[in-house]
Amino acid sequence: MNAVQLEGGFANLSHDAAHAFRAALQAMARPGQIETLDMARPPAPCSVAAGALLLTLCDTTTPIYLAPSHDDAGLRAWIAFHTGAPLVAPEAAMFALGTWGALCPVDRFAIGTSAYPDRAATLIVEMDALEAKGAVLRGPGIKDRAALSLPEIAAFQDNRRRFPLGFDCYFTCGDRLAGLPRSTHVEG
Amino acid sequence: MNAYNFAYLDEQTKRMIRRAILKGVAVPGYQVPFASREMPMPYGWGTGGVQVTAACLTPEDTLKVIDQGADDTTNAVSIRKFFEKTAGVAVTEKTGEATIIQTRHRIPEQTLTEDQILVYQVPIPEPLRFLEPSEVETRKMHALEDYGLMHVKLYEDIARHGEIATAYAYPVKVEGRYVMDPSPIPKFDNPKLESAALQLFGAGREQRIYAVPPYTKVVSLDFDDYPFDPSKPAHPCALCGAEDSYLDEVITDDAGSRMFVCSDTDYCAGRRGDGA
Amino acid sequence: MYVAVKGGERAIDNAHAWLAEERRGDTGVAELSIAQIREQLALSVARVMAEGSLYDPDLAALAIKQARGDLIEAVFLIRAYRTTLPRFGASNPIETAAMVCDRRISATFKDLPGGQILGPTFDYTHRLLDFALAAEGLDPAPAPQVAAPDGALPHVTDFLAREDLIQPEADGPATPRDLTREPLDFPADRPLRLQALTRGDEGFVLSMAYSTQRGYGRTHPFVGELRIGTVAVEMEIPELGFAIELGEVVLTECETVNQFMGSKTEPPQFTRGYGLVFGQSERKAISMALVDRSLRWEELGEDNVGAPAQDQEFVLYHADNVQATGFLEHIKLPHYVDFQSELELIRRLRAEALGDQAREAAE
């Protein structure tokens, strides 16, 4: 294990995690709103924001799927050291990390059951750009309408159609973060 | 208390609660099971709300705690003190200054903003529980969106009493899908469930967390010919004169004289301008 | 002029000060030490450890002292402390067949290898107040000693198992779910049910068990064996590649042998109920075994006669005294807002009802 894997965690565990969670909560509660999450230093190709999400939400009880875009030895070691989360196949994952292209097809991920819709995956989608423009969002958390530069439309419309089942997404780019819960209606 | 972590809970517990909160936000009105911990205060006294607040607090937050609308009720005082001690956060009685408000049985009168989170303490999160005691059965009903039992109950109320005889914990439907218990707030407060603030609900003993994100559609259950009526008796507050706030009835002497005063102590004090 | 009640904080501080004073009682009387409680109120300590789910006699004794002898309050103190403790790992399953027994009795066989060991039991004491105890300073004469039996005492049910007369117990999931780390959901498997029962309220589990004896879901139990003694706790240390002994715990174990006439799926044979509790807690261990057996109706293909002790939701949701007492006592908290809304509703409905009656009388 080298120094890179040991570094880049939260400097102040409880305070950094509290700030990161608050940003993650706001992002999920207000789809399209872009938050800043800059307290982690994960190894490439993981973004700063995605790294903070992993440190905040993952531990030995949360299996993670690393899509091919992020299935990197350094990142694996970093996740193992800082979270202890087991790495698994997409079907068994509570969290999945990768670019949209690498995560697809997304119908592999858990969408919960009618009795337990919470038993669904959270996808952390790494983006080249993340801006409050593009697809139109409506639904819980959104006053009238919001906009977000989604990687595609149809997959999120399919996801909404299955509500209350479905996966939930975070989009990350550098230290920027946005959320898209399954409850959001997406229009092109 | 220095031996304890920020906001009392250990980080692994907070992660577990935080994951549950996020799923609750993603599925508005659905009760997410979570492994509620034993807290250093009794079950039924706000352990669910306390765990949710502890998971959401940051050191920069300003916390307000109310019980029955009042900041100075003993349990509100006790919970506020707990977080002052374990999280070192600033506290306030002013609704407008708070970033997180933990509440039992009321929604503040002052309209909440996007910068605020309202955390409810919930005794029995299952709106169908008193119609069907089995958790296995009520879970099935939610899964199948089968709320017939609830409609029958409301209808029987009308047949017997001429109105829906539920005065508090009045059930709502969230975003057209889940029937939800808004906790034992008076039905007067139900319209305020559609809010700019994020609302989180914690039931510690029953091990459930649920959420109503900002601007989510929340409809109090009713019938076309018997529409939901959140009104309250038309007394003004004897202290501040407010006619739009929920009032406590206070018995003032042995002869049973009574007066009505705002249950929201901050609202009342603000109107009286004494800043108390 | 009415003034809203203020000063909650001062009232709380004052109440706590008064409580501390009352806890100590008359300072002219010597203060109890933790060691005194641990040694002389050992069965209270055992109960607090069992229902607190934490094996630490000194902490349990401290909790009893702090709680002024209120055992449910003491259990609560232990639980609230326990939940903050870091977890270093899980022990290996303990081996109760290797228990060094202080007590070991069987109701199903007159004699058996290892013999009946009565041990320190109240069973045959005449319940006459011993006024000699009121005079302090009289230490009892030492009890007669015999050499401990050689080797481990076999479990009584093993003898029945050799003849295939008792249902073998299948191995459960390798790692049982942890009731204190996951939310309870249903159906709850047997390991989870046993966890809930062993930390359940002694009075509740006793009454549930008693109800099955009186006919609410009768389970025909015999105490196959009751044993109390010391068992080693071992933990695998991956770095060492072998298990090391962490210490010893005192446990009470009860296996009941239950008559079973067979069902659609199972042949006639004896079946078991199982109880295992921290400390010397035999009333609790026997009760637990009866309730465990009663909750097994479904896997054994028995009829659900609707008895409370057959209903796992009912038993598991109501066995925990920390949950129960918290929720019960929370009705002491102010409820004047919901009461007010109820008051207005009742006044309105009453006015309407009386109006209706008056109209009817007039017609």
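We now turn to the structure provided with this report. Being a predicted model, the structure only gives us computed values, none of them experimental.

1. Details of the overall build of chain B
Scanning chain B for helices and strands turns up six helices and 12 strands. For 276 residues, the compact-globule formula gives about 19 Å, and the C-alpha radius of gyration of chain B, at 19 Å, lands near that figure. Among the 276 residues that make up chain B, the fraction classed as buried is 66%. Pairs at least 24 residues apart make up 60% of the contacts formed inside chain B by residues separated by at least 6 positions.

2. As for the interface of chain C and chain B
In this complex, chain C contributes 45 residues to the contact, which on the side of chain B involves 60 residues. Both sides together, the interface formed by chain C and chain B hides about 4,500 Å², and carbon and sulfur atoms give 57% of it. On inspection of chain C and its partner chain B, the count reaches five salt bridges. Inspection of the chain C/chain B interface yields 22 residue pairs in polar contact (both at pLDDT 80 or more). If you list the elements that add at least two residues to the side of chain C that touches chain B, you get helix H1 (8–24), helix H5 (71–82), helix H10 (312–318), helix H11 (321–329) and helix H12 (336–362) of chain C. The element contributing the most residues to the side of chain C that touches chain B is H12(C), with 13 residues. Residue classes in the side of chain C that touches chain B are distributed as 19 nonpolar, 10 polar and 16 charged.

3. What to know about the environment of B:Arg208
All names here are of chain B. By secondary structure assignment, the location of Arg 208 is in strand S9 (residues 208–212). Sequence separation between Arg 208 and Met 16 is 192 residues, and the spatial gap between their C-alpha atoms is 12 Å. A distance of 2.9 Å separates polar atoms of two side chains, one belonging to Arg 208 and the other to Glu 135.

4. Examining a negative patch on the surface
Residues and elements named next belong to chain C. Where like charges cluster on the molecular surface, the negative patch consists of Glu 234, Glu 236, Glu 245 and Glu 248. Elements represented by at least two residues in the negative patch include exactly strand S2 (221–237) and strand S3 (242–258). Following the sequence through the fold, Glu 248 ends up in strand S3. Looking at Glu 248, the relative accessible area reads 53%, which means it is exposed.

Analysis parameters
- Residues numbered from 1 in each chain as written.
- Chains lettered and ligands numbered in written order.
- Predicted model: local features only at pLDDT ≥ 70, side-chain atom pairs only at ≥ 80, totals over all residues.
- Heavy atoms only, no water.
- Helix = DSSP H or I, 4+ residues; strand = E, 2+ residues; numbered from the N terminus.
- Rg over C-alpha atoms; globule rule 2.2 N^0.38 Å.
- Buried < 20%, exposed > 50% of the residue type's maximum accessible area, 1.4 Å probe, protein only.
- Contact = heavy atoms within 4.5 Å.
- Buried area = accessible area lost by both parts, 1.4 Å probe.
- Salt bridge = Lys/Arg side-chain N within 4 Å of Asp/Glu carboxyl O.
- Polar contact = N/O pair within 3.5 Å; in protein donor to acceptor, adjacent residues only side chain to side chain.
- Nonpolar A, V, L, I, M, F, W, Y, C, P; charged D, E, K, R; others polar.
- Patch = residues over 30% accessible without salt bridge, like charges linked within 9 Å, V, L, I, M, F, W, Y side chains within 5 Å.
- Areas by Shrake-Rupley, 256 points an atom, 1.4 Å probe, with all protein chains shown as cover.
- Lys, Arg positive; Asp, Glu negative; His and termini not counted.
- Charge placed at Lys NZ, Arg CZ, Asp CG, Glu CD.

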